[in-house]
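Residues per chain, in single letters:
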There are 2 protein chains.
Amino acid sequence: MSGLQSAINYIKENDNYLILMHASPDGDTIGTACGLCGIIKSLGKKAAVACADEIPAMYAELTNGIENPDFEVKSIIAVDVADVKLLGGLKTYAGKINLCIDHHMSNTGYADITYVDSESAAAAEILYDIAELLGVKIDKYIAECIYTGISTDTGCFKFSNTTARTHYIAAEMLQAGIDVGKINRRLFETKKKSAVELERLVTNTLEYYCGGRVAVITVLRSMYEQTGTSDDDIEGIAAFPRQIEGVLVGITLKELDEGGFKASVRTHPPIDASEICKSFGGGGHLRAAGCRIKSSVAEAKSALVQRAEELLLQQGITD
Amino acid sequence: MSGLQSAINYIKENDNYLILMHASPDGDTIGTACGLCGIIKSLGKKAAVACADEIPAMYAELTNGIENPDFEVKSIIAVDVADVKLLGGLKTYAGKINLCIDHHMSNTGYADITYVDSESAAAAEILYDIAELLGVKIDKYIAECIYTGISTDTGCFKFSNTTARTHYIAAEMLQAGIDVGKINRRLFETKKKSAVELERLVTNTLEYYCGGRVAVITVLRSMYEQTGTSDDDIEGIAAFPRQIEGVLVGITLKELDEGGFKASVRTHPPIDASEICKSFGGGGHLRAAGCRIKSSVAEAKSALVQRAEELLLQQGITD
């Protein structure tokens, strides 16, 4: 019996579900939790969703009315949660999670039943199969949930994790009647005034090193104070420096509340981002990694740029 | 016989094709022209593409080696060209165009045979049917052409013109083996250093009026000079002011070489953008319109903001 069939059986045989999202919730954990909640309710069962952190306004329509159970919880499902640590304030559920549905290869297998499909661009893609196996028709609400998960985890079908299957599922969601223009305007094209101000300040910090091969931007706590913003308002910024033509290493330094800086490093081939971050006790993937550096901004910048330069030189890239 | 079948017959019965794009070429006219060229060549026939203006670097891989015919041209096809005026320097072909394949409802019917499918998000979508009806297998190159047309005309599947069919076709193109991450990085995620500088200058001109309901940005010729850029480097900027939360009227003023300003107006409901532009001799659509104003930047701004304010007041929007 495949992992997915075990998950289906679990859903069929139980009731009164609480579906947990990861902390700092994104479109995929929210879309998958809410979509699964909708699917389970379609079976005539009870379900609600929970998250340790507040749901960002752009997703509020999905969670509306289904946060916090008004029934006795008997079954706990976690979605898009690779590790119980990522539950944040809901870590108290660790050891009590019956089912986990995820797409992270790194899933630690903390649940009684785990189904991981690492070929899915988004956990929400897995709901498409779950609905089918449960015989649930995907209505407009469930379609909006699935589409939200998929489009946010793929950068609206832009990233290389997008597969033919991703597009087939999106097509089916559009057939279910969702208003894709409206959803995407909400997800991708609405910027808070204060966030625009913050972005302006951050863009003004852009500096180039190593003949334009390395670009660095800096986010200071004073910028949040000046614009009335927080870290949430600049979520995607780490992608920016690497987007500039000729840049192979994009570094984003964010000042931490507790002092020091969190560095997000994004690279293009042949530079290994995790190699840079490992030198500072961090890690990550080949093209996206992170680390924390306890020092002044000038020192953090200089240390990271120096390490990046070493890797560029190792590859024979000198301009 | 449907318009599409006439087009198919024309392609089957003739040879030595020159495929024309519109001037200031975008991803759809380039993708459709190159994709059709690939399809026609798959039939063992001769074909080449032509455009009055230079092909932007990000599309150069598609046109590589197929610009300008090295054979005697006997058949002329225009793609994604709604009006012969849009051919720019290739207007000399007016009256000699045998076939037109397009998705603009406003197509003027200038060709001997015209096939317009206004439900297609991109002209490139139509190639999918053309390949099938001609019995041509979509190879990786043709798939890249079709995908480029579709993804650029839909803002990478973000805009409301995206249909279920758009996603089905995209899925098929991915099946044909294209590297979607690489293509989209080239199309959407690579910014020229000089363009980043220009954007920074332009963003710094952002001003709000009417309690934040109207946002204005200004692009001066001196900014192009300072950064070594041109109008092409800031193509999508007109979308920016309207993306800001609370803004109902986004205005972009671009200084013209000949003096005065070109205004691009983008609105959210209930404001009619064309209504604003008509007051200055311009026009356009309900949510996107344009006009030219021969005056100083201060006068142009004040006149447009005043007209926008009148329309806001008419709708009872006073804050």
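Details of the structure are given in the entry above.
Since the structure is predicted, the reported quantities are computational estimates derived from the model, not experimental observations.

Parameters and conventions
Residues numbered from 1 in each chain as written. Chains lettered and ligands numbered in written order. Predicted model: local features only at pLDDT ≥ 70, side-chain atom pairs only at ≥ 80, totals over all residues. Heavy atoms only, no water. Phe/Tyr/Trp six-rings, centres within 6.5 Å; stacked < 30°, edge-to-face > 60°. Buried < 20%, exposed > 50% of the residue type's maximum accessible area, 1.4 Å probe, protein only. Lys NZ or Arg CZ within 6 Å of the ring centre and 35° of its normal. Pairing = 2+ DSSP bridges. Helix = DSSP H or I, 4+ residues; strand = E, 2+ residues; numbered from the N terminus. Axes fitted to C-alpha atoms, helices over the stretch in contact; angles between N-to-C directions. Contact = heavy atoms within 4.5 Å. Least-squares fit on C-alpha atoms with pLDDT ≥ 70 in both. Salt bridge = Lys/Arg side-chain N within 4 Å of Asp/Glu carboxyl O. Polar contact = N/O pair within 3.5 Å; in protein donor to acceptor, adjacent residues only side chain to side chain.

**Q** How should I be thinking about the packing of aromatic side chains in this particular structure?
**A** Given two aromatic rings, one states the distance between the centres and the angle between the planes to describe the pair. Enumeration over the complete set of coordinates arrives at six aromatic pairs over all chains. Their ring planes at 80° and their centres at 6.2 Å tell us that B:Tyr10 and B:Tyr17 sit as a pair that is edge-to-face. In terms of burial, B:Tyr10 and B:Tyr17 fall into one category: buried. Taken together, the ring pairs in this structure connect A:Tyr147, A:Phe157, B:Tyr147 and B:Phe157 into an aromatic cluster. Over the ring of B:Tyr208 we find A:Lys193; its NZ or CZ atom is 4.6 Å from the centre of that ring.

**Q** Got a minute to help me understand the sheet that holds strand S1 (residues 17–20) of chain B in this structure?
**A** In sheet architecture, strand pairing relies on hydrogen bonds along the backbone and comes in two forms, parallel and antiparallel. All names here are of chain B. Strand order in the open sheet formed by five strands is S2-S1-S3-S4-S5, with parallel pairing between adjacent strands. Sheet topology places strand S2 (47–50) and strand S5 (113–116) at the edges, where each strand pairs with a single neighbour. The mean angle between the axes of side-by-side strands here comes to 20°, regardless of whether they run parallel or antiparallel. Bridge analysis of S1 against strand S3 (residues 75–79) gives four bridges, and the strand direction is parallel. Looking at the pairing, Leu20 lines up with Ala78 of S3. Along the sheet, helix H1 (residues 3–13) contacts S1, S3, strand S4 (99–102) and S5; its crossing angle with S5, the most-contacted strand, is approximately 130°.

**Q** Before we go on, may I ask you to explain the relation of the copies chain A and chain B in this structure?
**A** Two chain copies here: they are related by a rotation about an axis and a translation along the same axis. Taken as rigid bodies, chain A and chain B are interconverted by a rotation of 180° and an axial shift of 0.1 Å, the fit giving an RMSD of 0.4 Å. Taken together, these values place the two copies in the relation of a two-fold axis. Most of the interface of chain A is mirrored in chain B, where 100% of its interface residues are also at the interface.

**Q** So what exactly am I meant to see when it comes to the interface of chain A and chain B here?
**A** In many reports, interface size means the accessible area that the parts give up when they come together. Contact residues are listed per partner, giving 40 residues for chain A and 40 residues for chain B. On the surface where chain A and chain B come into contact, there are zero salt bridges. Our count for the chain A to chain B interface comes out at 13 residue pairs in polar contact (both at pLDDT 80 or more). Here the side of chain A that touches chain B gets eight residues from one element, more than from any other, and that element is helix H6 (residues 164–175) of chain A.

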